[in-house]
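Secondary and tertiary structure notes
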Amino acid sequence: MKILVKLFILFIATAITWSFSYQDDPLEKLLKQIEKYRIEHPQEKVHLQLDKPYYAIGDNIWFKAYIVNAEDHRLSALSEILYVDLINEKDSIKQSLRLKVKNGLTWGDFTLGDSLKEGNYRIRAYTNWMRNFGEEYFFDKTISIGNSISNNVITDTKYTFSKEGSNQKVEALITYSTLNGEPLINKEVSYQIELNSRNLSKGKGITDSKGRLLINFTNNQPFILKFGKIISSIKLDEKLTANKSIPIKSTSNDVDLQFFPESGNLVNGISSKVGFKAVAADGLGFSVSGIISDQNNNQIAEIKSEHAGMGQFRIQPQEAHTYTATLKFADGSERTFNLPKALKEGYVINADNLDTANLKVRIMVSPGLQQDGELRLVAQSNGVVYYASKSPVDKTLYNASIPKNRFPAGIIQLTLFSPENNPVAERLVFISHPDELLISVLSEKLQSKIREKSKLALTAKNIAGKPVNGSFSVSVIDESKVKYDELDQITILSNLLLSSDIKGYVEQPNYYFVNTNEKVQQLDNLMITQGWRRFTWKNMITNTAPPISFSPEENIQISGTVTSNNGKPVFGGKVTLFTSSGNLFLKDTLTDIEGRFLFSDLNFNDSTRFVIQARNLKDRKNVRIDLDLNPAQIVTKNKNYPDFEINVNSSLITYLQNSRKQYDEFKRFGLINSSILLAEVKITEVKPLVKYSSNLNGAGQADKVITAKELEYATDLITFLQGRVAGLIIRNGIAYSTRNMVSSFSGPIPMQIILDGTYVDPMFLGSLNVKDIETVEVLKSISNTAIYGIRGGGGILIITTKRGENNMGFRNYASGIISFKPQGLYESREFYSPNYDDPKVNTKIADLRTTIYWQPNVITSLSGKATVEYFNSDAKGTYAVIIEGIGSNGEIGRSVYRYEVN
């Protein structure tokens with residue numbers, strides 16, 4: 001198509017250069033603003049590949065993380081620390097990892113211990129720098145975690161909805177069965193209904209001959225109470241009950257229809273596309289059909305949704321007309337929805353993305369807006385401008401045909417600027433290209449045998465057929481136990497090219513990357529209806545960029561300020577950092593003129609505890625230490641809540657049955673430290689609970705334990721201990737054990753003070769604030785002090801202070817000393833894969849692995865090749881090999897290869 005507008009086409013790889021004929025060109029000014037913003041606010045994206053789509057209690061979650069530059073998907077050199085959280089249905093962090101990143105890559109794992117419950121969980125990943133731009137762009141994936149070890153009750157729940165006036169009535173039919181599918185008949189069930197954390201109702205019932213229980217409840221506040229859960233307890237016998245928590249994703253079957261004019265607004269007299277999206281009350285797309293009509297009941301268009309309740313139609317609104325959509329539902333009912341009111345005058349961008357080679361763009365302008373000046377069209381992706389044009393405002397129609405090979409794959413944002421440089425219309429389009437990274441897999445054998453070694457040859461090439469050197473993660477799963485639906489996955493393609501650039505929930509994002517050439521129209525529906533995106537013009541044009549509160553982390557550092565009692569900074573004061581567990585080291589430094597100190601390039605694990613001591617120039621301790629602490633990242637509501645699985649265990653039944661068999665097999669061979677249910681015994685004494693103790697004998701294993709409750713009314717520790725503990729005396733502020741009061745050449749031996757794992761001077765006892773103490777463990781007997789060797793010769797006082805969770809704060813013991821336990825670096829474990837060529841391997845144990853093999857860092861050579869080797873399990877059937885990775889030039893790719901085992 002002939003281009004009718006005067007174009008300045010810009011091709012950019014990593015930077016933009018401008019050459020305009022005069023300095024004050026508004027388009028040049030706009031483009032310079034965009035470039036300045038991009039340089040000052042570089043964006044990162046994170047993608048995690050998990051070893052499989054769902055899990056069970058007792059499993060490990062293995063993952064590989066890719067941190068890339070948003071603009072070109074090259075591995076990022078900006079952040080060198082990554083945070084990965086495991087979050088439960090209550091939006092509470094159950095596990096958190098801090099991982100060291102090297103060249104944009106890292107990997108880790110979560111252990112799903114029996115303290116966790118079955119349910120829907122999230123895995124969230126982000127860098128400190130990403131926190132500046134909002135958690136909408138964090139990696140966030142919902143997964144199901146079942147339980148077949150400590151809870152063998154399976155529930156399957158079906159909801160039925162109806163209305164009574166404005167109230168919403170819900171019927172929940174719950175079927176209770178065993179892991180083997182046997183119905184739990186005539187069992188007593190008590191239950192409680194919660195909506196939005198409010199207790200709505202409770203009751204009891206008996207399961208019928210099929211193990212079913214019907215529960216009815218009414219939501220009489222549907223505008224406030226939207227979702228919740230059923231908490232049920234089924235009595236299996238006189239001593240044993242099983243608790244189940246069943247999500248209530250909605251309390252109605254209402255459908256909402258939303259309209260999205262193609263470039264922001266409908267304009268009278270201008271024909272434009274309108275996207276629509278039908279969403280059910282549970283947040284998922286809903287298939288609809290109907291008609292568009294005007295106020296005189298004249299039919300204007302027919303509508304029929306495609307994937308996830310989305311679609312589009314064309315309309316040319318007329319002045320003084322109103323329009324409605326009428327939908328027909330399966331039960332014969334109808335509902336009407338009003339279309340947005342059209343503007344009297346405006347601008348419309350129409351984009352036609354169906355041509356495989358060119359993006360065709362039409363700009364339509366109301367006649368009343370023809371004026372002096374120029375319109376400007378800018379096409380950018382992640383802050384990089386790939387196309388810019390301008391034209392006098394002397395026509396009502398402008399056309400352009402832009403070759404798609406000038407854009408990278410992913411979301412392109414088309415924005416039209418008025419003569420005043422205000423954005424007046426906008427359109428998102430998705431540019432698809434042939435796979436830029438082709439990963440092929442070749443197996444030595446077309447068919448393999450159980451427990452046989454499999455050897456796979458990987459080859460990576462770019463679109464030009466040249467070899468690619470890159471990093472890849474490889475997961476092999478047994479599909480007879482792990483149902484793997486490609487449409488339901490979050491892949492490196494769907495995440496980096498789509499989900500990470502738009503806010504909000506995207507249903508089945510990888511749907512658009514399976515047979516991509518057939519999904520052009522469906523992708524366009526998504527682009528029209530997904531209103532939020534990463535890059536906004538408001539901040540850039542008004543120079544009101546988001547404040548930068550979080551810096552990129554290159555390493556772990558501990559910093560702060562030392563001040564005197566009158567609040568003035570201490571200059572030249574000595575600050576010493578002690579560690580007592582984990583990675584042991586000692587460092588010291590001096591404060592600057594502002595009282596600031598810094599310990600950088602620290603490397604420690606999660607078990608490391610710190611004591612920081614400061615002194616002024618006169619070596620006096622009457623100073624205050626304040627640490628610089630990043631506030632913890634808040635956990636907001638799960639944007640992917642529609643992905644919640646109502647029937648977690650029943651949806652994973654085959655997987656859980658295998659998980660139980662594997663657990664029993666390990667237990668039979670003594671490979672699991674399982675909990676033992678003891679018969680009822682009479683407890684005569686309960687030892688006080690001691691948390692965070694550094695006692696080498698084990699927490700609470702002492703001759704005497706003093707708790708915070710006992711210290712509640714104590715004025716100081718020395719006075720409290722004197723005469724309270726048999727065999728302990730205080731002299732001149734120093735504690736002694738009467739067992740060691742025999743004089744030697746050096747006098748009696750004082751008791752060693754261990755404060756939060758750190759050995760401190762015996763004189764330190766009088767400096768402690770008793771209100772900060774959680775427990776004091778007194779070790780006097782040889783059986784308790786022997787493990788400490790010569791240091792325990794005079795006895796031990798182990799003092800544990802009160803403290804919060806990792807990185808939540810610090811404790812002042814006294815002037816000039818604080819305790820601190822930040823989140824350390826997690827060192828990933830190695831995935832275990834049996835080697836059946838090794839005669840030491842016990843071949844009698846049944847091999848029931850579901851993840852057959854996991855290797856997070858397979859590096860292809862300069863010739864683009866790599867090999868992996870592993871042994872199959874005892875399972876026959878189809879094995880899936882899932883490979884994702886990134887090339888050295890930012891090429892991203894994914895491949896799924898399957899082979900048979902018999």
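Everything below is about the structure printed above this text.
Residues numbered from 1 in each chain as written. Predicted model: local features only at pLDDT ≥ 70, side-chain atom pairs only at ≥ 80, totals over all residues. Heavy atoms only, no water.

Turning our eyes to something else, we now look at the overall build of the chain. Helices and strands together make up the secondary structure of the chain, namely eight helices and 53 strands. Judged by the C-alpha coordinates and their principal axes, the chain covers about 105 × 80 × 65 Å. Sequence separation of at least 24 residues holds for 68% of the intrachain contacts in the chain that already meet a minimum separation of 6. Accessible surface, the chain as shown: approximately 42400 Å² in total, 50% of it carbon and sulfur. (Helix = DSSP H or I, 4+ residues; strand = E, 2+ residues; numbered from the N terminus. Contact = heavy atoms within 4.5 Å. Areas by Shrake-Rupley, 256 points an atom, 1.4 Å probe, with all protein chains shown as cover.)

Attention shifts here to the pairing of strand β34 (residues 470–478). Of all nine residues that make up β34, nine are buried, and the element is covered over most of its length. Residues of β34 alternate between two faces, with Gly470, Phe472, Val474, Val476 and Asp478 on one and Ser471, Ser473, Ser475 and Ile477 on the opposite face, all of them buried. Alignment of β34 against strand β52 (residues 877–887), held across nine bridges, turns out to be antiparallel. The partner of Phe472 across the bridge, within β52, is Gly885. Two strands pair when backbone bridges link them, and β34 and strand β50 (residues 851–859) are joined in this way by six bridges, in the antiparallel orientation. Bridge pairing in β50 links Phe472 to Val858. (Buried < 20%, exposed > 50% of the residue type's maximum accessible area, 1.4 Å probe, protein only. Pairing = 2+ DSSP bridges.)

A few words on the environment of Leu354. Here Leu354 is to be found in the loop between β24 (347–352) and β25 (358–365). Considering only alpha carbons, one finds Leu354 and Gly311, 43 residues apart in sequence, at a separation of 15 Å. Not counting residues up to four positions away in its chain, the partners in contact with Leu354 are Val520 and Gln521.

Strand pairing in a sheet is mediated by backbone hydrogen bonds. Such pairs are either parallel or antiparallel. Taken in spatial order, the three strands of this open sheet run β2-β4-β7, and their pairing is antiparallel. Of all the strands in the sheet, just β2 (44–50) and β7 (105–111) have a single pairing partner and so form its edges. Put simply, the sheet's adjacent strands are angled 25 degrees from each other on average, direction ignored. For strand β4 (residues 60–69) and β7, the ladder comprises seven bridges, and the chain directions are antiparallel. Each bridged residue has a counterpart across the sheet, and for Asn60 the counterpart in β7 is Thr111. (Axes fitted to C-alpha atoms, helices over the stretch in contact; angles between N-to-C directions.)

Time to look at the pattern of salt bridges. One pass over the structure, following the stated rule, counts 37 salt bridges. We note a salt bridge from Lys32 to Glu28, for which the minimum N-O separation is 3.2 Å. One end of the pair is Lys32 and the other is Glu28, both in helix α1 (residues 26–40) and four residues apart, which spans about a single turn. Of the charged contacts in the structure, one is a salt bridge between Arg596 and Asp628, with a shortest N-O distance of 2.5 Å. Placement of the pair is Arg596 in strand β38 (residues 596–602) and Asp628 in the loop between β40 (623–627) and α5 (648–651), with a sequence separation of 32 residues. Several salt bridges share partner residues, and in doing so they unite Asp91, Arg122, Asp140 and Lys637 into one network. (Salt bridge = Lys/Arg side-chain N within 4 Å of Asp/Glu carboxyl O.)

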